[in-house]
Amino acid sequence: MPRKNMKQEIKKPDFFQTFFERTLEWVKGHRAVCIAGAVAAVVVVLAVWGYGAYRTGENEKAQYTLLQGLNGFQEYTVNPKSDGLVKAEASFKKVAGESSGGLRDIARLYLAKIDALKGQNEQAGRLYAEINKHPSNDVMKKLSEIGMRESGAKQ
């Protein structure tokens, strides 16, 4: 390529320059639309952030309730005459009803274990089967299968 053509190519505006210039012209001509779009984008970002903060708060509450249930269950295993099993069952029922995903499955596994301890193997088997149908992950599926075998429920 001769130097003359190269100099002419360099002097021509490239794609990004022309795109930026055209965009700037359009924005100047449609200022109200751009402002409305920017406001809408900010509102959407704030709404997504707010929902994320809300879900995080709810998840933390569910984790705390699950921890209370685990503490109650541990209290029962240390001292079977205490009311730890009742506290644990109430906490696990709350988490199973209000939560979703892995926390719900963990609470249901403990509820099934409590039912098995009480001698309610059918109820325990139903809980294990529910978890097995729609597990949050592979670990929950395996644990529910083990629980079903131990409780004598049909798979």
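Residues numbered from 1 in each chain as written. Predicted model: local features only at pLDDT ≥ 70, side-chain atom pairs only at ≥ 80, totals over all residues. Heavy atoms only, no water.

Explanation requested: the layout of surface pockets in the structure shown.
Unoccupied space between atoms shows up once a probe the size of one water molecule is rolled over them. The space that makes up the largest pocket amounts to roughly 250 Å³. Those elements giving two or more residues to the lining of the largest pocket turn out to be α5 (102–118) and α7 (138–151). Taken together, the residues of the lining of the largest pocket sort by class into 7 nonpolar, 2 polar and 2 charged. Here the second largest pocket defines a volume of roughly 180 Å³. Sorting the residues of the lining of the second largest pocket by element identifies α3 (31–78) and α4 (84–98) as the ones contributing at least two each. (1 Å grid on protein atoms, 1.4 Å probe; cavity = no way out; pocket = protein on both sides within 12 Å on 5 of 7 lines; lining within 4 Å. Points joined across faces, edges and corners; volume = space filled by probe spheres on them. Helix = DSSP H or I, 4+ residues; strand = E, 2+ residues; numbered from the N terminus. Nonpolar A, V, L, I, M, F, W, Y, C, P; charged D, E, K, R; others polar.)

Quick question: what am I supposed to make of the pattern of salt bridges here?
If the charged atoms of two oppositely charged side chains come close together, the side chains can form a pair. Counted under the stated rule, the structure contains 7 salt bridges. Between Asp 105 and Arg 104 there is a salt bridge whose closest N-O contact spans 3.9 Å. For Arg 104, a relative accessible area of 21% corresponds to the partly exposed category. (Salt bridge = Lys/Arg side-chain N within 4 Å of Asp/Glu carboxyl O. Buried < 20%, exposed > 50% of the residue type's maximum accessible area, 1.4 Å probe, protein only.)

Help me understand the nonpolar core in this model?
Leu 66, Phe 73, Phe 92, Ala 107, Ile 114 and Tyr 128 are the most contacted members of the largest nonpolar core, which has 21 residues in total. With 6 residues, the top contributor of residues to this core is α5. Discounting residues that sit within four places of it in the chain, Leu 66 has contacts with Phe 92, Val 95, Leu 103, Ile 106 and Ala 107. (Core = buried A, V, L, I, M, F, W, Y, C linked by side-chain atoms within 4.5 Å. Contact = heavy atoms within 4.5 Å.)

So what exactly am I meant to see when it comes to α4 here?
Owing to its 3.6 residues per turn, the α-helix brings residues three or four apart onto one side. With 15 residues, α4 should reach 21 Å at 1.5 Å per residue; the first-to-last C-alpha distance of 21 Å fits that figure. Where α4 is concerned, the buried positions are Gly 84, Leu 85, Ala 88, Glu 89, Ser 91, Phe 92, Val 95 and Ala 96. For α4, the angular spread of buried residues about the axis comes to 170°, placing them on one side. Opposite its buried face, α4 presents the exposed residues Val 86, Lys 93, Gly 97 and Glu 98, each directed more than 90 degrees away. In this structure, the buried side of α4 is in contact with α3 and α5. (Expected span 1.5 Å × (residues − 1). Arc of directions from axis to C-beta.)

What's the story with the packing of aromatic side chains in this structure? I'm lost.
Aromatic ring pairs: the centre-centre distance and the angle between the two ring planes describe each pair. Applying the stated rule across the entire model yields 4 aromatic pairs. Between Phe 15 and Phe 19 the ring centres are 6.2 Å apart and the planes differ by 20°, which places this aromatic pair in the stacked class. Placement of the pair is Phe 15 and Phe 19 together in helix α2 (residues 15–29), with a separation of 4 residues, close to one helical turn. Residue class for Phe 15 comes out exposed when judged on its relative accessible area of 59%. Ring centres 5.4 Å apart and planes at 70° place the aromatic pair Phe 73 and Tyr 110 in the edge-to-face group. Here Phe 73 is found in helix α3, whereas its partner Tyr 110 is found in helix α5, with 37 residues between them in sequence. Through a chain of ring-to-ring contacts, three or more aromatic side chains come together here, namely Phe 15, Phe 16 and Phe 19. (Phe/Tyr/Trp six-rings, centres within 6.5 Å; stacked < 30°, edge-to-face > 60°.)

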